[in-house]
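Tertiary structure, described
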Amino acid sequence: MDVLDLDHAVDAALELAGVGGAYLILRLQQVEERRLSMLDGVSDRARSTAWLGAGLHVILADGSLGFASTDDCAPDAIRAAVWQALRLAEAARVHGAERNHEVWRLASTGRRVLPTTYRRLHDTPIGDQVAALRDAQAALGTLPPGTSARTSHALVDERWRIVRSDGTDVTFATPRAVLRHDLTARLEGVPIRAGGNVSGADAMAVLAPERLAVAAARARLALRCARETAHAPAVQPGNYRFVVDHALAKGLAHEAIGHLCESDVSESILFRDGRLRRGDRLAADGVSVVDGPLAGNYADQPIGANGIERQTVSLITDGILTAGLGDLFSARRAGIRVSGACRAANYRDRPAPRMTNIRILARNPLPCPDGELEPEAVAALVRGAGLLDPRRPTIYLTGYRGGQAHPRRGDFLFAAGAAYALGSGAAPRQGATLSGLSESALLSVLAAFGTLRLDAIGTCSKDGSNVSGSGGSHGLLVLDADPRLTIGASTDMVAGWQG
Amino acid sequence: MTRTAAETLADVLSAGLATGGASVTGWRFEVHEGQSVRVGLRHGSLGGPYVTPAAAARLSGSLELRWSDGAVSRAGLDRAALLAPTDRLDEWRAAAFEPRWLAPLPGTRALPTVQTHDPFIANLVTGDIAPLFSVLAGAADRLARGGDSSRTHSASGGEATRLDLENACRPLGRVEGETECSENGWSVHTQHSARPREAERVSGSVVVGAGRRVVRSSAGFHAAWAETRCALDLGMDDLTGEQFASRRWPTDAELAVLLEELTVRSAQLAVEDDLPAGECGVVFAPAAFEALLRRFLMPNLDVRAMLEGRATFSLDDVRAGCQVAAPAVSIRVDTTVPYGLATSPCSSEGIPAGCIDLVSEGRLRHPLVDPGVARPAGFAPTPVPRGRPCLIASSDSALDSLEAACSMLGTGVVVREVMGLHTQDARRGSFSLLVPDAQVVRLGRPGGRVAVRVSGRFFLDLLSPGTALVRFRQSLSPGLLVRSDVTVEPV
């Protein structure tokens, strides 16, 4: 069953909502996914899953809203879901719930089916995937003794159809694929781990030989960093000039800026009296933060969850906060335009403004070789550009391990798996957690090196809904020491737990 | 419906399926059919586009097939697969692999009786949903009034409480005026509502779910049970929150305690404070302590991680009974707690409900074992929690209350929620986390709020003689008092 085959269900939903005088947004989602993994040359996990479901918002004439979802897309079941949503909207009205009228401003964009440009899962033989996993493990080459390699590969063939009462009926795909190596070893009794991945829209984007080579190079470099920093001294707590790789830069953009510019987060410190603080300086001159869909990218989303075309938005332009991630329901209230920045991970979710691919762009980046950079090469680049801090160590952070933001105060943090003190060389230091405040984090950007690398991927969690995200920046970003950008107290390893 | 779908699936699987040169020789599956309803409140407003009142219905599950050539297929089950399993057979066969370790399929066995179903919740899901709005709005109203119960309606009986709470909700959505306009041909009613400013401080949600679960195998295992769940979350000013989570509806007394705690604490945290000078300790409230256990202890007690060398602990550490916590501390898995979210008669692999100490008297006793690796690990499979709490710590010498813990702490902070725990390296056990709304403890008494960074070494914290567990009202899980090996800095 394909979402395009559900016209009867669509008609049933529209008809019933119409009888009730309600506006309907119907989201049909179809997913087929296959996940495989291989441990040290042996396939040890495989799982295939598929589902089809419908989530729908109904909006009564007075703006009261109800939502229902079902995994049964037969017309009768869809009718039952619409009825359920109407019942909830009516209950919301009776209980004086918040109303919203923004849907009445929408105009139809008609029926559209965006072309499918990726290889579908059903055209991807599983045997080819298993063979590619073997090739991927072989591409890792000889690893240090005692190192175990797990290689995972996921292929998600996801299609959406968004139908609205105004006649809009748009079908599009949000496919994604990833190949990831996870390397583990014990070093003097301490477990270490390292990883590297490549991502894209389909199997071809991650399983081609040149892509396997990239994944292997990333994993090998990460393993080298993990091994030499495992027993290294910790970075002393404090403020430093930092050099971060493109994945950490993505984390910075995502946590420090992106989440706080989402139009539903009015409690964000980047809002004032419920409206985005457009015009405020948040970054150094020449620094911009952009979010928007990229065709073929792991987190591509051409159409928002309310059926509105997803636009590329410059949140920060030359250091100035200029726009937000505007969803239909809250953009106007936030004083920004609707940019289709609304996502749902699943038909069961009530969508909310979310990022897709967020990146930090710097004017006039310095040259830098493409590909993976050894820490010594990073030191040489920064030293050569005269950007080492003359007063204290410059700290290179690499190996993004996720982050989190707190909108009200603007706190954010993210963790790096490895750190290096840059000088004449690169002295290993343990991984560290960097924290700061959104209002100042990007003011300290001094320089960037290299072309854009926008393939740092992750999973973004908000209100219990996990969506795929991605982004990046130039190969390296240099942030000057700032009292509000801090490495926390020592995270020395623990050797003494044994009794 | 679930019963029918499960029986249909069992019949089809037992009919001698074959494809790709192999036949199905064994199987096990879990099927769940459930419905849920949720209502949300955001900054004092019920509903709206992001916390829209929502209902959901779903039929899902998981399946394992054993093939005649020794391969195994594992798949998720959606409605279509359940209704026409043979349509997916080729895909399942194509994804078959030979697992390194494989458990025998569960056979007929007796299962303990556990409490998983509250008919009141089942009625809420399928019937009158008004109490969901009422309990949320009433609680919000009570909180907005600073917990002054004399200014709202109180009652002792469950039904009366719901009705009174419904009355109490009215000021939240009071309509001051309505106008009508027309845009794009649609007739629109515009409402201007006015809420008390205080009400805008409150956010929250209530979710109830009900369903039926079936676990079966070709070796004769067959379990079926009804289950419900309820989660009530309330928060004030995004500063602090409280949660009730269970398979049953909360009692009036439980709701009253929750509201009282939240009222008192939100008043305290409304005041910005400074971190006291001197050495600071930390009281991790139950949710924060449980999160630390889940992040740092669970993955390192996982027997697969031990076998593959990915865990901090090894099987030899377990066999030797290594000391990992203070001597009075025990840490267990318990899937029999009445109406606990972790509770069910069995796991999806047929492991019966039970209670087992992973750590007792501070020493490692048992890893977390799934049936597949039980034999190579030499340990029996452990019960599998289906929800929180995953691990429950206990100690005979636990402090009686937060007040007692603050008194013992003297100077420090109470931490109820941490930022960024998922970014910390689980194997090392060290952490550096932000706590934007910690509560100051000064001279043994709780104070206002302060933003801090808390850094420590969880494994050392557990072992430290200065560490103590702390009982909290209405919480099965304790908190953790840490007085050394932890750093608290203002941010």
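A brief structural summary.

Cut-offs applied
Counting from 1, residues in each chain are numbered in the order their sequence is written. Note on labels: chains are lettered from A, ligands numbered from 1, in written order. Residue-level local features of this predicted model are given only where pLDDT is at least 70; pairs of side-chain atoms are given and counted only at 80 or more, and the full residue set underlies all totals for whole chains, interfaces and linings. The side-chain numbers reported here are obtained from all heavy atoms of the structure, hydrogens and water having been left aside. Each helix is a run of DSSP H or I of at least 4 residues and each strand a run of E of at least 2, with the numbering of both proceeding from the N terminus. Computation of the radius of gyration draws on C-alpha atoms alone. For the globule rule, the value is 2.2 Å times the number of residues to the power 0.38. Burial classification: accessible surface area is computed with a 1.4 Å probe over protein chains only, and a residue below 20% of its type maximum counts as buried, one above 50% as exposed, and the rest as partly exposed. Basic side-chain nitrogens of Lys or Arg form a salt bridge, by our definition, when they fall within 4 Å of a carboxyl oxygen of Asp or Glu. Pairing of aromatic side chains here covers Phe, Tyr and the six-membered ring of Trp, requires ring centres within 6.5 Å, and sorts the geometry by plane angle: under 30 degrees stacked, over 60 edge-to-face, intermediate tilted. In this scheme, Lys NZ or Arg CZ marks a charge over a ring once it lies within 6 Å of the ring centre and within 35 degrees of the ring normal. Here, a strand pair is defined by DSSP locating no fewer than two bridges between the strands. Between two residues, a contact is recorded if the distance between any of their heavy atoms is within 4.5 Å. What counts as buried area is the accessible surface, traced by a 1.4 Å probe, that two parts surrender upon association, with contributions from both included. What qualifies as a polar contact is a pair of N or O atoms within 3.5 Å, subject to a donor-acceptor requirement within protein and to the restriction that residues adjacent in sequence count only when both atoms come from side chains. Residue classes follow a fixed rule: Ala, Val, Leu, Ile, Met, Phe, Trp, Tyr, Cys and Pro count as nonpolar, while Asp, Glu, Lys and Arg count as charged, and any other residue, Gly among them, counts as polar. For this analysis, a nonpolar core means a set of buried residues of the types Ala, Val, Leu, Ile, Met, Phe, Trp, Tyr and Cys, connected via side-chain atoms within 4.5 Å.

Thoughts on the overall build of chain A
What chain A contains, in helices and strands, is nine helices and 23 strands. Computed over the C-alpha atoms, the radius of gyration of chain A is 24 Å, within 12% of the 23 Å expected from 2.2 N^0.38 for a compact globule of 499 residues. Principal-axis analysis of the C-alpha atoms places the extent of chain A at approximately 75 × 55 × 50 Å. A buried classification covers 64% of the 499 residues belonging to chain A.

Concerning the pattern of salt bridges
Residue and element names in this part refer to chain B. By the definition in use, this model includes 73 salt bridges over all chains. For the salt bridge of R319 with D316, the shortest nitrogen-to-oxygen distance reads 3.2 Å. One end of the pair, R319, and the other, D316, are both in helix α10 (residues 315–320), three residues apart, so they sit about a helical turn from each other. The pair formed by R319 and D316 is uniform in burial state, with each residue classed as exposed. Put simply, D437 and R449 hold a salt bridge, and the shortest N to O gap is 3.9 Å.

Things to note about unusual backbone geometry
Cis peptide bonds are those with omega within 30 degrees of zero, and the linkage from B:R388 to B:P389 qualifies with -5 degrees. Counting through the fold element by element, B:P389 comes out in the loop between α11 (371–377) and β15 (392–395). Of note in the backbone geometry, A:D40 takes a positive phi value of approximately 45 degrees without being a glycine. Within the secondary structure, A:D40 is located in the loop between β1 (23–39) and β2 (42–59). The partly exposed category is assigned to A:D40, whose relative accessible area is 43%. A positive phi is found at B:Q474, a non-glycine position, where the angle reads about 60 degrees. Here B:Q474 is to be found in the loop between β19 (468–470) and β20 (479–482).

Here's the deal with the packing of aromatic side chains
Aromatic rings considered in pairs are described by the distance between their centres and by the relative angle of their planes. A complete count under the given rule lists 14 aromatic pairs over all chains for this structure. Centre to centre, the rings of A:F412 and A:F414 are 6.1 Å apart; their planes meet at 15 degrees, and the pair counts as stacked. Look at A:F412 and you get buried, because its relative accessible area is 0%. Joined through ring pairs, the aromatic side chains of B:F284, B:F289, B:F296, B:F313, B:F431, B:F458 and B:F459 make up one cluster. We note B:R93 situated over the ring of B:W67; from NZ or CZ to the ring centre the distance is 5.0 Å. Its end group placed over the ring of B:W101, B:R100 keeps NZ or CZ at 5.9 Å from the ring centre.

Digging into the pairing of strand β22 (residues 465–479) of chain A
Residue and element names in this part refer to chain A. Of all the 15 residues making up β22, 14 are buried; the element is thus mostly covered by neighbouring parts of the structure. Where strand β9 (residues 241–245) meets β22, four bridges bridge the pair, whose relative direction is antiparallel. In the strand pairing of β22, F242 is matched with L479. Taken together, strand β21 (residues 445–462) and the strand that follows it, β22, pair antiparallel across an intervening segment of two residues, in which D463 is found at a positive phi of about 50 degrees.

Re the interface of chain B and chain A
Taken residue by residue, the interface counts 91 residues in chain B and 89 residues in chain A. Both faces combined, the contact of chain B with chain A buries some 7600 Å², and carbon together with sulfur accounts for 53% of it. Where chain B touches chain A, the interface holds eight salt bridges. The residue A:R34 makes a salt bridge to B:E91 at a minimum N-O spacing of 3.1 Å. Across the contact surface, chain B and chain A share 32 residue pairs in polar contact (both at pLDDT 80 or more). Of the residues in the side of chain B that touches chain A, the class split is 38 nonpolar, 26 polar and 27 charged. Summarising the sheet, strand β3 (residues 65–70) of chain A and strand β4 (residues 54–67) of chain B pair through four bridges and their orientation is parallel.

What about the nonpolar core?
A general tendency of soluble globular proteins is for nonpolar side chains to be buried together. Membership of the largest hydrophobic core comes to 58 residues, with the highest contact counts inside it found for B:F284, B:F289, B:V413, B:V415, B:V452, B:V454 and B:F458. At eight residues, helix α8 (residues 286–301) of chain B tops the list of elements feeding residues into this core. Those residues in contact with B:V413, other than ones at most four positions away along the chain, are B:L275, B:G281, B:V282, B:V283, B:A438, B:Q439, B:V440, B:V441, B:V450, B:V452 and B:V488. Ranked by size, the runner-up nonpolar core spans 52 residues in total, among them A:A256, A:L397, A:L434 and A:A441.

Overview of the environment of A:S37
Residue and element names in this part refer to chain A. With respect to the helices, strands and loops of the structure, S37 is situated in strand β1. On the accessibility criterion, S37 (4% relative accessible area) is buried. The residues touching S37, leaving out its near neighbours within four places in the chain, are V42, S43, D44, R45, L133, R150, T151 and S152. One polar contact links S37 to D44, side chain to side chain, over a distance of 2.7 Å. A polar side-chain atom of S37 sits 3.1 Å from a polar atom in the side chain of R150.

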